[in-house]
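Examination of the molecular architecture
Here's the letter readout for the chains.
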Amino acid sequence: MNDRLASIDLGSNTFRLSIGRIVRHEGAVHLLAEDKLREQVALANGLDEHKRIDAATVDQALAALRRFGERLRGFSPTNVRAVATNTFRVARNAADILPQAEHALGFPIEIISGQEEARLIYLGVIQDLPQSGRRRLVVDIGGGSTEFIIGERDQPLELASLELGCTTWTRRFFPQGGITEARMQQAILAARGTVETIAGRYRNLGWKEAYGSSGTAKGLLAILTENGLSTRDITLKGMERLRAALVDAGEVRLEAWAGLKPERVPVLPGGLAIMIALFQELGIDRMQAGDGALRMGVLQDLLGRDLHRDQRDETVRQMRGRYRLDATQAGFVHRLALQLFDQLDLASDPDTPELRRALAWTAELHEIGLLIARNDYHKHSAYILENADMPGFSRHDQQLLAFLALGHQGKLAKVRIYTPSRARWLALCCLRLAVLLLRRRESLDALPLSLRAQAQHITLRLPSDWLAAHPLSGFQLEKEAAIWRKAGFTMETLAD
């Protein structure tokens with residue numbers, strides 16, 4: 001199934017699986033939607049007062065993921081990406097649930113940052129919009145968070161994720177579904193207060209078209225147009241009419257509203273309050289509904305990786321420039337680290353392709369911590385790579401980069417917190433050797449070193465005349481062997 005890609009969106013209200021087939025025709029490549037599954041899993045509703053997802057909701061989530069897993073049997077792990085959003089970000093027991101969820105699905109699950117969620121939402125929405133040079137605002141009101149993106153064509157210019165969602169707002173301001181004018185006003189004012197933190201820069205940047213990509217936006221559009229509250233699009237006037245009608249009724253009644261789906265009934269008051277607040281605070285005139293959203297953005301991101309247009313490459317390039325890194329030295333370390341890595345027999349390990357890429361990215365950015373301080377710069381590098389907003393990178397990706405950056409200098413005991421596999425230890429060995437041999441920050445005319453690994457035994461072979469001409473490097477390699485012994489490896493240096 002190498003011509004098929006799959007995305008799984010573990011949202012705060014709904015889990016979605018989308019499958020697309022890669023179609024190549026006359027030099028063009030695009031995705032053809034082939035299948036999709038949807039499961040109503042109210043994760044955000046399962047959060048208790050201690051921000052822990054309760055057992056019943058976990059069971060429901062695992063059952064849904066097992067069904068998704070059955071549909072995905074036979075898919076290559078490189079063709080599947082599962083992302084979890086706000087509820088997993090805030091749940092205090094997410095670390096306990098995640099291994100169970102991955103076992104049920106059969107694939108890794110990434111808890112993505114709000115910024116990454118926003119980037120992927122924009123990437124998904126623009127796929128179904130006509131080509132235009134007009135600046136666009138995209139808003140996605142989810143169950144636990146709302147993402148805001150301003151972009152031009154395929155390039156996001158401003159990204160934000162705020163913790164206000166239709167589920168959390170309904171639970172907070174409309175308990176048991178009761179709607180009053182006072183509660184609605186409180187909900188709107190609280191949402192405006194949250195949006196106010198980004199409103200200034202968004203209004204200054206500006207846009208020509210606004211799109212809502214969530215179930216909240218699509219649901220509101222259907223209610224407004226099918227009940228004669230708005231002739232077209234979402235408008236503030238139409239929402240104010242809906243608000244007044246809901247306050248008069250005191251609750252949301254399914255039978256009272258054409259276009260209202262049963263699953264939107266419990267979260268309509270919170271979603272409406274947030275949308276009204278957005279229009280008021282950002283000065284939105286009207287909003288259209290956009291399709292695609294997160295799940296399609298994940299598929300498009302996977303397609304980009306398949307076509308060697310990986311967003312992560314662009315992120316690394318931008319960070320290298322932003323942090324004013326020595327591009328020449330980064331290139332030396334990059335090339336030598338990969339030359340060493342390619343000598344190892346790791347082809348049977350399914351993680352090798354991604355590990356090789358992570359090694360290359362870390363080699364490019366391993367000195368990023370120098371901007372903070374020279375002393376212990378590798379620790380600063382690791383912190384930045386693990387915690388910075390890095391578009392395209394999952395938390396798993398960033399933890400791998402942080403492991404390599406932290407371990408490329410000094411003793412190795414500190415990196416055990418990442419519980420690295422043998423393959424990751426060996427990738428780290430390649431990076432350490434590359435940095436060691438390039439200490440003079442000069443290119444090596446020819447690779448002086450061959451590298452082999454058998455179980456926990458590492459063998460280095462160097463020409464004897466090279467060792468004689470580079471006594472400092474020879475001394476450093478002896479020290480390196482002692483460091484690896486303490487990590488449970490033996491490192492032997494042989495002169496030819």
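What counts, and where the lines are drawn
- Residues numbered from 1 in each chain as written.
- Predicted model: local features only at pLDDT ≥ 70, side-chain atom pairs only at ≥ 80, totals over all residues.
- Heavy atoms only, no water.
- Core = buried A, V, L, I, M, F, W, Y, C linked by side-chain atoms within 4.5 Å.
- Buried < 20%, exposed > 50% of the residue type's maximum accessible area, 1.4 Å probe, protein only.
- Helix = DSSP H or I, 4+ residues; strand = E, 2+ residues; numbered from the N terminus.
- Contact = heavy atoms within 4.5 Å.
- Pairing = 2+ DSSP bridges.
- Axes fitted to C-alpha atoms, helices over the stretch in contact; angles between N-to-C directions.
- Parallel < 35°, antiparallel > 145°, perpendicular 65-115°, else oblique.
- Nonpolar A, V, L, I, M, F, W, Y, C, P; charged D, E, K, R; others polar.
- Salt bridge = Lys/Arg side-chain N within 4 Å of Asp/Glu carboxyl O.
- Phe/Tyr/Trp six-rings, centres within 6.5 Å; stacked < 30°, edge-to-face > 60°.
- Lys NZ or Arg CZ within 6 Å of the ring centre and 35° of its normal.
- Polar contact = N/O pair within 3.5 Å; in protein donor to acceptor, adjacent residues only side chain to side chain.

This brings us to the nonpolar core. Residues Ile458, Leu460 and Trp484 are the most contacted members of the largest nonpolar core, which totals 62 residues. Looking at this core, the elements that each hand over two or more residues are helix H11 (311-322), helix H12 (327-341), helix H13 (352-365), helix H14 (377-387), helix H15 (395-407), helix H16 (422-437), strand S13 (457-462) and helix H18 (471-486). The element that contributes the greatest number of residues to this core is H16, accounting for 13 residues. Leaving out residues up to four positions away in the same chain, leucine 460 has contacts with Leu433, Leu449, Ser450, Leu451, Leu477, Met491, Glu492, Thr493 and Leu494. In this structure, Phe148, Met184, Leu246 and Leu282 belong to the second largest nonpolar core, which totals 51 residues.

Every second residue of strand S9 (residues 209-212) is oriented toward a common face, with Glu209 and Tyr211 on one face and Ala210 and Gly212 on the other, all of them buried. Relative to S9, strand S6 (residues 136-141) runs parallel, the two being bridged by four bridges. Opposite arginine 136, over in S9, you have glutamate 209 as the bridge partner. Across two bridges, the pairing between S9 and strand S11 (residues 286-289) is parallel. Paired with tyrosine 211 across the two strands is glutamine 288, which belongs to S11.

This part takes up the packing of helix H5 (residues 166-173) against helix H9 (residues 268-282). At a closest axis distance of 7 Å, the pairing of H5 and H9 adopts a crossing angle of 105 degrees. In terms of axis orientation, H5 runs roughly perpendicular to H9. Packed against H5, whose contacting residues are Cys166, Trp169 and Thr170, the element H9 presents Pro269, Gly270, Gly271, Ala273 and Ile274 at the interface. The residue makeup of the contact of H5 with H9, split by class, is five nonpolar, three polar and no charged.

A few words now on the pattern of salt bridges. Applying the stated criterion across every chain, the model contains 32 salt bridges. Two residues, aspartate 301 and arginine 81, come together in a salt bridge whose shortest N-O distance is 2.9 Å. Of this pair, aspartate 301 sits in helix H10 (residues 293-306) while arginine 81 sits in strand S4 (residues 80-84), and the two are 220 residues apart along the sequence. Given the relative accessible area of 6%, aspartate 301 is considered buried. Residue arginine 81 is classed as buried on the basis of its relative accessible area, which comes to 2%. What emerges from the salt-bridge pattern is a single network uniting Arg81, Glu110, Glu116, Arg119 and Asp301.

Among the structural elements, arginine 395 can be located in helix H15. Overall, the relative accessible area of 41% leaves arginine 395 in the partly exposed class. Considering only alpha carbons, one finds arginine 395 and serine 113, 282 residues apart in sequence, at a separation of 7.9 Å.

Tallied over the entire structure, the rule returns eight aromatic pairs. When the centroid spacing of 5.0 Å and the interplanar angle of 75 degrees are considered together, the rings of tryptophan 361 and phenylalanine 393 count as edge-to-face. On the criterion of sequence distance, the pair formed by tryptophan 361 in helix H13 and phenylalanine 393 in the loop between H14 and H15 is long-range, its members being 32 residues apart. For the pair tryptophan 361 and phenylalanine 393, a shared accessibility class is recorded, and that class is buried. Here the aromatic residues Phe403, Tyr418, Trp425, Trp484 and Phe489 are joined through ring pairs into a cluster of three or more. Here the guanidinium or amino end of arginine 172 rests over the ring plane of tryptophan 169, the centre of that ring lying 5.0 Å away.

Each strand in a sheet pairs with its neighbour through backbone hydrogen bonds, running either in the same direction (parallel) or in the opposite one (antiparallel). Sheet architecture is open: six strands sit in the order S8-S7-S6-S9-S11-S10, paired in mixed fashion. Here the strands that pair on one side only, and so sit at the sheet edges, are strand S8 (155-162) and strand S10 (234-235). Pairing analysis gives six bridges linking S6 to strand S7 (residues 146-152), with the strands arranged antiparallel. Bridge pairing in S7 links valine 139 to phenylalanine 148. The strands touched by helix H4 (residues 114-125) are S6, S7 and S8; relative to S8, the strand with the most contacts, the crossing angle is about 130 degrees.

In this fold, aspartate 397 is placed in helix H15. Through-space distance from the C-alpha of aspartate 397 to that of arginine 312 is 9.8 Å; in sequence the pair is 85 residues apart. Contact partners of aspartate 397, with chain neighbours within four places excluded, come to Arg312, Glu354 and Gly392. A polar atom in the side chain of aspartate 397 sits 3.0 Å from the backbone nitrogen of serine 394.

Here we come to the pairing of S8. Both S7 and S8 contribute to a ladder of seven bridges, which runs antiparallel. Paired with glutamate 152 across the two strands is glutamine 155, which belongs to S8. Between the end of S7 and the start of S8, which pair antiparallel, lie two residues, with arginine 153 showing a positive phi angle near 50 degrees.

Okay, H5 next. Three or more residues of H5 are buried, namely Cys166, Thr167, Trp169, Thr170 and Phe173. For H5, the secondary structure elements touched by its buried residues are S6, helix H6 (181-205), helix H7 (215-226) and H9.

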